[in-house]
Amino acid sequence: MTFNDWNNPNGPFRGFPFGGFPFGGGGAEDPDPEPQEARPSLRDLKLPFSKKTLLLLALLLIVVIGLPMIANFLADYYWYESEKIASVFWTRLLPQWALLLVFSVLAFLLVYPNLKIALGVARDLPGGRDGLFGMVLNHRLARWIPLALAAFMALSAGTDSMDQWQMVLQYLHGGAFGVKDAIFGNDVGFYMFSMPFWNFLQGWISGLLFNVIFVCGALYAFLIFSQARDNRFDLPRPPLTHMLMLASVLTVVWGFSYVLQRYLLLYNPNGVVFGPGYTDIHATLLALNVLAVLAFAAAGLLLFAIRSNKSWKFIAIIVGVFVAANVLLRGFYPELVQRYIVVPNEFEKEKQYISNNIKATLHAYGMDRIETSEITPDAGVTIEDVKADPETVDNVRLWDYRALLRSYKQLQEIRSYYDFHAIDIDRYIINGKMRQVMLAPRELDLSGMQNRTWVNTHLEFTHGYGIVMNGAREVGQNGQPNLWIKDLPPVSTIDLPISRPQIYFGENPMSYAFVKTHAKEFDYPMGESNARSTYEGDGGVPIGSLWRRLVYTLAFGDSKILFSDVFTPESRVIYERNIRARLNRAAPFLTYDSDPYIAVIGGRIVWIVDAYTTSSLYPYSEPVGQRYRRGRLTGGVNYIRNSVKCTVDAYDGHMKFYVVDESDPIVRCWRGIFPALFSPASEMSAELKSHLRYARDLFAVQADIYRTYHMADPNTFYNKEDVWNTLKGEESEGTLSSYYVINKLIGETQPEFLMMTPYTPVGRDNMISWMAGRCDGDHYGKLVLYRFPKQTLIYGPNQISALINQTPEISAQLSLWSQRGSDVIMGHLLVVPVNNSLLYVRPLYLKASQSDLPELKRVILSSNGHVVWDETFEGALEKLLRWKPEEQGAQPPKPGTPELIPTVPPAAAASDSAIQALARDAKSAWDRSQAALKTSDWAAYGAAMADLEKALNGMFTPAAQ
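No experiment lies behind these values; they were computed from the predicted model shown.

Student: So what's going on with the pairing of strand β30 (residues 855-863)? Which residues, and what values?
Tutor: Within β30, 7 of the 9 residues are buried, leaving the element largely enclosed by the surrounding structure. Hairpin connection from strand β29 (residues 837-848) to β30: 6 residues lie between these consecutive antiparallel strands. Judged from the 5 bridges that link them, β30 and strand β31 (residues 866-870) form a sheet pairing that is antiparallel. For Ser 862, the partnering residue across the bridge sits in β31 and is Val 867. Where β30 hands over to β31, the hairpin turn is made up of 2 residues, of which Asn 864 adopts a positive phi near 55°.

Student: I'd love a proper account of the side chain of Gln 96, names of residues and values included.
Tutor: Looking at the secondary structure, you find Gln 96 in helix α2 (residues 86-124). Of the residues examined, Gln 96 reaches a relative accessible area of 19% and is grouped as buried. Among all residues touching Gln 96, those that are not within four sequence positions of it are Met 162 and Trp 165.

Student: Explain unusual backbone geometry to me, using residue names and the numbers behind them.
Tutor: The step from Leu 488 to Pro 489 runs through a cis peptide bond, and the omega angle for that step is -10°. The topology assignment puts Pro 489 in the loop between β8 (481-486) and β9 (491-492). One non-glycine residue, Glu 576, lies in the positive phi region at around 55°. Mapped onto the secondary structure, Glu 576 falls in the loop between β15 (572-574) and α17 (579-586). Taking the relative accessible area as the measure of exposure, Glu 576 reaches 25% and is therefore partly exposed.

Student: An account of the packing of helix α10 (residues 346-364) against helix α20 (residues 696-709) is requested, with residue identities and associated values reported.
Tutor: Running from amino to carboxyl end, α10 crosses α20 at an angle of 160°, the nearest separation of the two axes being 11 Å. When the interaxial angle is binned, α10 and α20 end up roughly antiparallel. Every pair of crossing elements has a handedness; the one defined by α10 and α20 is left-handed. Residue-level inspection shows Asn 357, Ile 358, Thr 361 and Leu 362 of α10 in contact with α20, the latter providing Ile 705, Tyr 706 and Tyr 709. Its residues placed into classes, the contact of α10 with α20 shows 5 nonpolar, 2 polar and no charged.

Student: Account for the sheet that holds β8, with residues named and values stated.
Tutor: Ordered by their spatial adjacency, 5 strands build an open sheet running β3-β4-β7-β8-β9, and the pairing between neighbours is antiparallel. Each edge of the sheet is formed by a strand with only one pairing partner; in this case those strands are β3 (424-430) and β9. Sheet topology note: the β3/strand β4 (residues 433-441) ladder contains 7 bridges and is antiparallel. In the sheet register, Ile 430 faces β4, and the bridge partner there is Lys 433.

Student: How would you sum up the side chain of Asp 697? Please name residues and give values.
Tutor: As for its position among the elements, Asp 697 is in helix α20. Under the relative-accessibility criterion, Asp 697 is labelled buried at 0%.

Student: Before we move on, can you summarise the confidence of the model for the protein with the specific residues and values?
Tutor: Summary statistics for the protein give a mean pLDDT of 85 and a share of 85% for residues scoring 70 or more. Counted against residues more than four places away or in other chains, residues 626-634, with its pLDDT under 50, gives 26 contacts.

Student: Quick rundown of the pattern of salt bridges? Include the residues and the values.
Tutor: Counted according to the given criterion, the structure contains 34 salt bridges. We note a salt bridge from Arg 427 to Asp 426, for which the minimum N-O separation is 3.2 Å. Accessibility expressed as a relative area gives 3% for Arg 427, which makes it buried. Linking Asp 722 and Arg 787 is a salt bridge whose minimum nitrogen-to-oxygen distance equals 3.6 Å. Placement of Asp 722 in the loop between α21 (714-719) and β22 (724-726) and of Arg 787 in strand β26 (residues 783-787) is noted, with a sequence separation of 65 residues between them. Where salt bridges share partners, they join Glu 374, Asp 722, Arg 787 and Lys 790 into one cluster.

Student: Explain the packing of aromatic side chains to me, and be specific about the residues and the numbers.
Tutor: For the structure on display, the rule yields 55 aromatic pairs. When the ring of Tyr 512 is compared with that of Phe 514, the centres are 5.6 Å apart and the planes differ by 70°; the resulting orientation is edge-to-face. For the pair Tyr 512 and Phe 514, one class covers both residues: buried. Where Tyr 618 meets Tyr 639, the ring centres are 5.8 Å apart and the plane angle is 5°; that geometry is what we call stacked. With Tyr 618 in the loop between β18 (604-615) and β19 (639-649) and Tyr 639 in strand β19, this pair connects stretches of sequence that are 21 residues apart. Given a relative accessible area of 3%, Tyr 618 falls into the buried group. Residue classification places Tyr 639 among the buried residues on the basis of a relative accessible area of 1%. Here a set of aromatic residues connected by ring pairs shows up, and it is made of Phe 73, Tyr 77, Tyr 78, Trp 79, Tyr 80, Phe 89 and Trp 90. Seen from the ring of Trp 869, Arg 858 lies directly overhead, with NZ or CZ sitting 5.2 Å from the centre.

Student: Go over the environment of Asn 470, please, and point to the residues and values.
Tutor: With respect to the helices and strands, the residue Asn 470 is situated in strand β7 (residues 467-475). Overall, the relative accessible area of 0% leaves Asn 470 in the buried class. In sequence terms Asn 470 and Met 438 are 32 residues apart; their C-alpha atoms lie 5.6 Å from each other. Every residue in contact with Asn 470, bar those within four places of it in the chain, is listed here: Trp 399, Leu 404, Tyr 408, Val 437, Met 438, Pro 481, Asn 482, Leu 483 and Trp 484.

Student: Account for the sheet that holds strand β11 (residues 513-515), naming residues and giving values.
Tutor: Pairing is antiparallel across the open sheet formed by 3 strands, whose spatial order is β11-β15-β14. Of all strands in the sheet, those with a lone pairing partner are β11 and β14 (541-542), marking the two edges. Here 3 bridges tie β11 to β15, and the two strands are oriented antiparallel to one another. Residue Ala 513 lies in a different strand from β15, and its bridge partner there is Ile 574.

Student: Lay out α10 with the relevant residues and their values.
Tutor: Over its 19 residues, α10 extends 26 Å from the first C-alpha to the last, a length consistent with the 27 Å expected when each residue adds 1.5 Å. The principal kink in α10, of about 40°, is found at Gln 352. Where α10 is concerned, the buried positions are Phe 347, Glu 350, Tyr 353, Ile 354, Asn 356, Asn 357, Ile 358, Ala 360, Thr 361, Leu 362 and Ala 364. Remark: Gly 366 follows α10 within two positions and exhibits a positive phi of approximately 70°.

Student: Could you give me a rundown of the environment of Asp 426, with the residues and numbers involved?
Tutor: Looking at where Asp 426 falls in the secondary structure, it is placed in strand β3. Among the residues examined, Asp 426 registers a relative accessible area of 0% and is labelled buried. As for Asp 426 and Ile 598, which are separated by 172 residues in sequence, their C-alpha atoms are 8.6 Å apart. The residues touching Asp 426, leaving out its near neighbours within four places in the chain, are Arg 435, Gln 436, Val 437, Leu 439, Tyr 597, Ile 598, Ala 599, His 691 and Phe 753.

What counts, and at which threshold
Residues numbered from 1 in each chain as written. Predicted model: local features only at pLDDT ≥ 70, side-chain atom pairs only at ≥ 80, totals over all residues. Heavy atoms only, no water. Buried < 20%, exposed > 50% of the residue type's maximum accessible area, 1.4 Å probe, protein only. Helix = DSSP H or I, 4+ residues; strand = E, 2+ residues; numbered from the N terminus. Pairing = 2+ DSSP bridges. Contact = heavy atoms within 4.5 Å. Axes fitted to C-alpha atoms, helices over the stretch in contact; angles between N-to-C directions. Parallel < 35°, antiparallel > 145°, perpendicular 65-115°, else oblique. Left-handed = near helix turned anticlockwise from the far one by under 90°. Nonpolar A, V, L, I, M, F, W, Y, C, P; charged D, E, K, R; others polar. pLDDT = per-residue confidence, 0-100. Salt bridge = Lys/Arg side-chain N within 4 Å of Asp/Glu carboxyl O. Phe/Tyr/Trp six-rings, centres within 6.5 Å; stacked < 30°, edge-to-face > 60°. Lys NZ or Arg CZ within 6 Å of the ring centre and 35° of its normal. Expected span 1.5 Å × (residues − 1). Bend = angle between axes of the 7 residues up to and from the residue.

Below is the structure:
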């Protein structure tokens, strides 16, 4: 047998798939060949399945995997089309596929030539033509290996780019902020829109080059080491040249990474403040500049090493210089600067950078235009304060949202399949006056349904019904809320008609529902039967055709959709019914507030949701971290604007995105990308504008940031001399971090709806200031801050809580109630500014141990450290107003004194006739005061109390004799 028998079709090696002998080349004949068995070829292999079976399996795989994917795609498109935002669907989808195509082509153009070169070089190596591997490389099919591998690597690299569609679109549409960073002088828009793209591109190219070097290097290494003899091997020039060229390109890309890292210094979290400090600018920045230059120089030297006879030594020198430069410039040098230059003179060295941080942070959170006033509150609330600000007193909130939610659930859920998710707070014009109200929609909750069937959950029980509303200060019989809107069907005692009480979209998770079918929908329970209706809106997606039903059968995985006979040509399917999920599907690039709320607008129930544009890339701005844990605004955000107000109709689900802050560059960018999605604020109705609120999550973030950043002086900021605290809002503490009130600000003539929060100094409980976000009219979105003098004691909420707990009458009564088996619920303590004074309000509720229905039992009021309580707000306020220690020279009575009548100096007795006349005047004044108190006519109440005081004083003065 000879080696030439390999090419003999009838020889012993016939059928070997690659042709050629695997362990050597040709040679002399074997004088004594051993008998060889015939080797089977691929053609001789028997498959366990027939070709028809394999074809059927392939078709089945396509049906099982492919059809649901197609159905989901079509269902997505139908949803966007029904919402009249199909352009949003294509604007989201097409850029992803464009990125896949563009980056796959770029990757292929980089990978394929190198793999082809590597294959050609490998063939010329000593092991590239001999042996099994050599025959593989020289097989007629080997030329397809680079193409197939390059296509796979390119497709993988292109797929990585698809998730970056938002970032790429922002890069293409982003604009200027009009603000420059303090270090490099670049517009902030560069960091927001451009830098993320360049960072991604640099990382993407680096990763792709590394993969190419790894594949080519592995091929060369295998062939070179396979030819090693006695642990010695030769490194041929062609593969070395190829690898050095690739390494040179990678080093250039690496050098650009150092250039980009210079800008990342603006986000250094490890200094005195967030952002670069003295060491970063004078040491680390220098190191990055030098390393970038060294990287570019190294790329050239690697190319020079191709022609050098001592390439390994040359490469070793380059690597050594790089390592030494990194250790010295990025390790030792910054440490020396920090230890011996900065630390001994830290404030002087860091002063400029602290100023940069303060300025950037205030601007990034929209707090650089806050209006600050210095005020000294009056010693206590007086009748003059009440007369000057009656609207605030009339709207003091007595209902804690926790207690009210329990009352709603017990009194108004009516059936187990209804639920009140949360209490909303808003204001309405009732009988010509602004009134603070609390309300909640009665949503559907199918988890409480006893008999859950497909018909019940998807055809009949499709929606909630109506709302419940009460005045924030209104108390009915037995300490229950005085409900203005209640029951099913809704019964209203105020002029607020609701033409569409059905709630198909809400905060509760709800499954898909079919409307306009042959099955009547359940509206609400009514006597022995139920009220039923048919949907009359245009919400949802048409599903009347057989094709649509097939699509949604596959998309939802529900075969009953296809086989049910309840559908008509007008039938529609309503899904994506949670309002936040719905909005997020339409605009995933916005961040949504954790507290959506409802408003009755034009007779319809409308959800209003605040939407934010956020970023973590504002230079020098302090990011929101672990201190704030609400919704999606946790960690990493250092720029925020409430630029968009969203509405979702509770009946048909139609969404609107109103741009209310045209100055925000981020929302301008998104508006340029999705022009059909956004509407200008001018298209809002006046009724809708009257229900806009200062965004709750934004206010909480701003209040938290301003704890420290109200210190504009760098020295004060550095020493943390005047850090404030906000109230944490824990239930155990009984305080709210922020809350809505109706209040007439100092210097204003009309009451406003505000969100406010009090501040206390760190380590102390006295109140130092309070901040408010304005909600109404032209003042919407403005922040005001009222600061108190540091040398004057202004009681803080925690101090008032302590005084309440220390009041003997209150503590004794609480103990008595607890002993009788009642649960005492202390409501949140609210600080309410009244004119130039502060009124502290805390409601107290009782709940029987065996019941979950609380009742308002007492109202606790405090001002200037004095605590009173009564069964009603009016009674407690009367007690508080009748205590005037400064005017009458009396000592403050002990808390809990049953009668707080002003004391007067002793005087000679008056004549009987004069006393009788004065007594009649006092009785008349008292009757008039009580009548005014019942109607909340504080002006008349103040006049009557003044007459009463005059009569009482006259009875004990010589002038009355």
